[in-house]
Amino acid sequence: MRYREALRVALEALRVNRLRSALTMFGVVVGVAAVVVLVAIGSGARNLVEQEIEGLGSNIVFVVPGQFSFGAAPTVSRMTLEDIGYLGRVVGDERNIAVTLNSGETVRAGKSQMFASVVGANENVRNVFDRPLRAGGRYLTRTDVETRRRVVVLGSEVAQKIFGDVDPVGRQVAIAGGARFRVVGVFEEIGQTFGQARDSELHIPVTTAQRLFGVNHVDFLALRASSADDIPRLQTQVVDALQRKYPGEQFSAVTQTQLLGTIGTVLGALTGVLAAIAAISLLVGGVGVSNIMLVSVRERTREIGLRKALGARQRDVVSQFLIEAVLLTTLGGVIGIGLGVGAAVAIAAVSPVPAAIVWWSPALAFTVSVAVGVFFGVVPARRAGRLDPVIALRSE
Amino acid sequence: MAGTTPAPDPARPEPQSRRAGQSEPPSGARQIDRERADGGWTEERAERGTSEHATREAAIFEAREPPSGARQTNTAIDAEDVTRTYRMDGVAVSALRGVSLRIGRGEFAAILGPSGSGKSTLMHLLGCLDRPTTGVLRVGGREVSKLSDTELAELRNNTIGFVFQSFHLLARTSARENVGLPLVYQGVPRKERRARATEALAAVGLSHRLDHRPSQLSGGEQQRVAIARALVGEPQVVLADEPTGNLDTRTGNEVMELLERLNAEHGVAVVLVTHEPDIADRAARQIHIRDGLIERDTGALTGRDTGEGT
């Protein structure tokens, strides 16, 4: 009963000082909204990456130079085309080894022009990564690679942008400012993988690419294992073989699961850091609440004195002011959650930044804002509760 | 929830007894008027002492108290050699230097004294807002020094009603809610609070101002709201600190008449703190305070020597 009364009094006090209450709440609103939005973006990014990696297909071992970790400076690859044959002899079948060499280049046909990711690939890329083609075309062949043919397979988006509705097979595109390539096939649309728009790729023979880019290495190798059980054996074999061939160099062979784990950890940590930064603003908001409550206690000294004279016990006064503080932050928290969820949904809708609301982030934000009210309300409330009624009544 | 209706409840004898008390006013008020017209009220009453008057009070209070109540005496406040010393910047300042007095139930007394005499300190002690430095102070039968802050708050809530010079009403709060405030801390349900506040406002003649806010009321009306608030919790004593100090003479008179009437009708003791002799003269008993001591007390109801005539 008394708590209901205290709640009513607190609501009234907030209503009377509307502007001040709103400004005080603002800090908490911003803090909570920031936490909710950043966590949503963080978990959205994580979901997306995980989906994409799963989309790469299972049983694939990626071989990259250097120590595999996110955030480490990329190591320049020393792997070459010969390594396909070399590793083929080690693992038994070179048809399951894909190599790529990537570069961003301009692509032009007639008046249409775009910037696209040009992938130098061998004939195995399509099988290893399972990339279906539209009917009426073909993928790169071993002969294309061996004879450095100027042929190209277009991603669906490239085809659409350069050729519109016209079937590009048999037509020509100019890559990297002049070299003409004949289109031999078009990929089915597959969407994004790994943060890269796979549909805006062009695949050309890796040998042609090496000449075009003036290099003789490949960026990375991918092997398809015959079964999941075969993966560990494959990983050690490949790394051992490469380190034998390139003494002093480091190589990593990672699987999709490991990629998922690493990326998950990195993005999880990133989300945590973002949330922590946002939590600091929540903390600052809490200090603001504390500050305003102290002002409020001072301003209402006479009221407190009167209430005490009329029989309010210390805990009645404490709970009145504590409820006021908690109400302030809880209201701020609810508004902040609303804004945060709204902003996350809006961001996900209008921008490529993924944002996913996970149930725990609004729940946590709410709990934290209540806790902030209790934590930062205790000091002012206890000060109010301890006021000497004689002195409080005398103050003007 | 049970108890939200003001219907008679066997566990709560107060409402019935209050009604019983109210049924008496006409005769009581007339009696006092007649006595005042005689001009010998004070003497008469003092002579009568505990006889007829006190018997009537006792009857009322017996009905008010639960049968098992420990407080069966006629004394509302009993101070024995009470001192109060403040420490200011390391220097001890004696505001009260040994005050003994008894306020009987239903008594109407005025505490008089110049500023700095210690009368405010005395009022704070009598109102249980403060504890004496030495001496024994009993309010409503409880020894104040032995009570915790919480018990003191509950004692104020149940035993004392305050009326202040500057009214001390909560702004932006209706008269009815202001009056109901002491009941909040008694844990009285909202519905019953409203009913009792309405009743108390009717008793001070403000039935037409229930939902007005203090800023919409005149000074006299505000003080009457404050008096209704002092009475709503059915205290034994109403302490009025310069209740007419912020009012003009005519309004002040009205407030005084109201206090007198409530004293007579409800049997509640009224202790008036004032520096105006005109106002103090209206009380049956004057207690003059000077330099932290009782200089003169015109009527120690219980006959115990409280420094009378010194």
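Check the entry above for the structure.
Here the structure is a predicted model, which means the values were calculated and not measured. (Residues numbered from 1 in each chain as written. Chains lettered and ligands numbered in written order. Predicted model: local features only at pLDDT ≥ 70, side-chain atom pairs only at ≥ 80, totals over all residues. Heavy atoms only, no water.)

## Describing the overall build of chain B
Along the backbone of chain B there are 11 helices and 10 strands. A total of 310 residues make up chain B; the buried ones form 55% of that total. (Helix = DSSP H or I, 4+ residues; strand = E, 2+ residues; numbered from the N terminus. Buried < 20%, exposed > 50% of the residue type's maximum accessible area, 1.4 Å probe, protein only.)

## Description of the overall build of chain A
What chain A contains, in helices and strands, is 13 helices and 11 strands. Sorting the 396 residues of chain A into buried and exposed places 49% on the buried side. For chain A, the proportion of contacts with a sequence separation of at least 24, taken over those separated by at least 6, is 77%. Accessible area for chain A stands at about 18600 Å²; split by element, carbon and sulfur atoms hold 58% of it. (Contact = heavy atoms within 4.5 Å. Areas by Shrake-Rupley, 256 points an atom, 1.4 Å probe, with all protein chains shown as cover.)

## As for the layout of surface pockets
Taken as a whole, the second largest pocket spans an internal volume of roughly 800 Å³. Surrounding the second largest pocket, 33 residues form its lining, E303(A), R307(A), L170(B), A171(B) and T173(B) being those nearest its centre. Secondary structure elements with two or more residues in the lining of the second largest pocket: helix 1 (2–16) and helix 10 (301–309) of chain A together with helix 7 (175–184) and helix 8 (190–203) of chain B. Examining the composition of the lining of the second largest pocket, we find that seven residues originate from one element, helix 1 of chain A, more than from any other. In the lining of the second largest pocket, the residues fall into 10 nonpolar, seven polar and 16 charged. (1 Å grid on protein atoms, 1.4 Å probe; cavity = no way out; pocket = protein on both sides within 12 Å on 5 of 7 lines; lining within 4 Å. Points joined across faces, edges and corners; volume = space filled by probe spheres on them. Nonpolar A, V, L, I, M, F, W, Y, C, P; charged D, E, K, R; others polar.)

## Points about the environment of T265(A)
Within the element layout of this structure, T265(A) appears in helix 9 (residues 256–299). In the structure, T265(A) is positioned 219 residues away from R46(A) in sequence and 9.3 Å away in space, judged by C-alpha atoms.

## So, the interface of chain A and chain B
Taken together, the contact between chain A and chain B spans 25 residues of the former and 28 residues of the latter. Summing both sides of the interface, chain A and chain B together bury roughly 2400 Å²; the carbon and sulfur share of this comes to 60%. Put simply, chain A and chain B have two salt bridges between them. Close ionic contact of R8(A) with E177(B) constitutes a salt bridge, the shortest N to O distance being 2.7 Å. Remark: the boundary between chain A and chain B carries five residue pairs in polar contact (both at pLDDT 80 or more). Elements supplying a minimum of two residues to the side of chain A that touches chain B: helix 1, helix 10, helix 11 (314–350) and helix 13 (389–394) of chain A. The greatest single-element share of the side of chain A that touches chain B, amounting to six residues, is contributed by helix 10 of chain A. For the side of chain A that touches chain B, the residue count by class is nine nonpolar, three polar and 13 charged. (Buried area = accessible area lost by both parts, 1.4 Å probe. Salt bridge = Lys/Arg side-chain N within 4 Å of Asp/Glu carboxyl O. Polar contact = N/O pair within 3.5 Å; in protein donor to acceptor, adjacent residues only side chain to side chain.)

## Comments concerning helix 6 (residues 156–163) of chain A
Residues and elements named next belong to chain A. Among all positions of helix 6, only S156, V158, A159, I162 and F163 are buried. All buried residues of helix 6 lie within an arc of 160 degrees about the axis, which places them on one face of the element. Buried residues along helix 6 sit against strand 2 (97–109), strand 3 (112–121), strand 4 (151–154), strand 5 (172–175), strand 6 (179–186) and strand 9 (201–205). A positive phi of about 65 degrees marks G164, the residue just after helix 6. (Arc of directions from axis to C-beta.)

## Some words on a positive patch on the surface
Residue and element names in this part refer to chain A. Side chains of R298, R382, R383 and R386 sit close together on the surface and give a patch of like positive charge. Counting residues per element, the positive patch draws most heavily on helix 12 (residues 360–386), at three residues. Relative to the helices and strands, R386 resides in helix 12. (Patch = residues over 30% accessible without salt bridge, like charges linked within 9 Å, V, L, I, M, F, W, Y side chains within 5 Å. Lys, Arg positive; Asp, Glu negative; His and termini not counted. Charge placed at Lys NZ, Arg CZ, Asp CG, Glu CD.)

## Looking at the sheet that holds strand 7 (residues 237–241) of chain B
Residues and elements named next belong to chain B. If you trace the six strands from one edge of the open sheet to the other, you get 6-7-8-3-9-10, paired in mixed fashion. Of all the strands in the sheet, just strand 6 (160–163) and strand 10 (293–297) have a single pairing partner and so form its edges. Averaged over all pairs of adjacent strands, the angle between their axes in this sheet comes to 20 degrees, without regard to strand direction. Strand direction decides the pairing type here: strand 9 (residues 285–290) and strand 10, joined by four bridges, are antiparallel. (Pairing = 2+ DSSP bridges. Axes fitted to C-alpha atoms, helices over the stretch in contact; angles between N-to-C directions.)

## A short note on the packing of helix 8 of chain B against helix 9 (residues 219–232) of chain B
Two packed helices can be described by the angle between their axes and the distance between those axes. Residues and elements named next belong to chain B. At a closest axis distance of 9 Å, the pairing of helix 8 and helix 9 adopts a crossing angle of 125 degrees. Classed by the angle they form, the pair helix 8 and helix 9 counts as oblique. Like other packed secondary-structure pairs, helix 8 and helix 9 cross with a definite hand, here right-handed. Counting all contacts with helix 8, which are made through R196, A197, A200 and L201, the residues of helix 9 involved are V225, A228 and V232. (Parallel < 35°, antiparallel > 145°, perpendicular 65-115°, else oblique. Left-handed = near helix turned anticlockwise from the far one by under 90°.)

## Let's talk about unusual backbone geometry
Residue and element names in this part refer to chain B. Although it is not a glycine, E234 adopts a positive phi angle of roughly 50 degrees. Locating E234 in the fold gives a position in the loop between helix 9 and strand 7. Phi angles above zero are rare outside glycine, and E242 is one such case at about 50 degrees. Mapped onto the elements, E242 comes out in the loop between strand 7 and helix 10 (249–266).

## Some points on helix 10 of chain A
Burial analysis of helix 10 of chain A places eight of its nine residues in the buried class, which makes it a mostly covered element. Just downstream of helix 10 of chain A, G311(A) is the residue with a positive phi angle, here 120 degrees.

## Re the pairing of strand 3 (residues 108–112) of chain B
Residues and elements named next belong to chain B. In terms of residue burial, strand 3 counts as a mostly covered element, since five of its five residues are buried. Residues F108, A110 and L112 of strand 3 are buried on one face, and the alternating residues A109 and I111, pointing to the opposite face, are buried as well. Here five bridges tie strand 3 to strand 8 (residues 269–274), and the two strands are oriented parallel to one another. Its bridge partner lying in strand 8, A110 is registered against L272. Here strand 3 pairs with strand 9 via four bridges, running parallel.

## A look at the sheet that holds strand 5 (residues 142–143) of chain B
Residue and element names in this part refer to chain B. With antiparallel pairing, four strands are arranged side by side in an open sheet as 2-1-4-5. Strands at the two margins of the open sheet, each flanked by one partner only, are strand 2 (91–104) and strand 5. Contacting strand 1 (75–88), strand 2 and strand 4 (134–139), helix 5 (residues 119–126) crosses the sheet at an angle of about 60 degrees to strand 2.

## Overview of the pairing of strand 1 (residues 60–65) of chain A
Residues and elements named next belong to chain A. Across the six residues that make up strand 1, a large majority, five, are buried. The sheet contact formed by strand 1 and strand 10 (residues 220–224) spans four bridges and is antiparallel. Looking across to strand 10, one finds that V61 is bridged to L223. Relative to strand 11 (residues 251–255), strand 1 is paired through five bridges, and the arrangement is antiparallel. Looking at strand 11, one finds that F62 is bridged to V254.

## Here's the deal with the pattern of salt bridges
Residue and element names in this part refer to chain A. Under the definition given, this model contains 32 salt bridges over all chains. Two residues, R131 and E201, come together in a salt bridge whose shortest N-O distance is 3.4 Å. Of this pair, R131 sits in the loop between helix 4 (125–129) and helix 5 (142–146) while E201 sits in strand 9, and the two are 70 residues apart along the sequence. Here the two residues R131 and E201 agree in accessibility, since each one is buried. Shared partners join several salt bridges into a network, and the residues in it are R300, E303, R307 and E324.

## Looking at the packing of aromatic side chains
Residues and elements named next belong to chain A. Enumeration over the complete set of coordinates arrives at five aromatic pairs over all chains. Plain terms: the ring middles of F375 and F376 are 5.0 Å apart, the flat faces sit at 85 degrees to each other, and that makes the pair edge-to-face. Taking the relative accessible area as the measure of exposure, F375 reaches 62% and is therefore exposed. Taking relative accessible area as the criterion, F376 reaches 12% and is therefore assigned buried. One cation-aromatic arrangement involves R131 over F187; the distance from NZ or CZ to the ring centre is 4.2 Å. The ring centre of Y86 lies 5.3 Å from the NZ or CZ of K245, which sits over that ring. (Phe/Tyr/Trp six-rings, centres within 6.5 Å; stacked < 30°, edge-to-face > 60°. Lys NZ or Arg CZ within 6 Å of the ring centre and 35° of its normal.)

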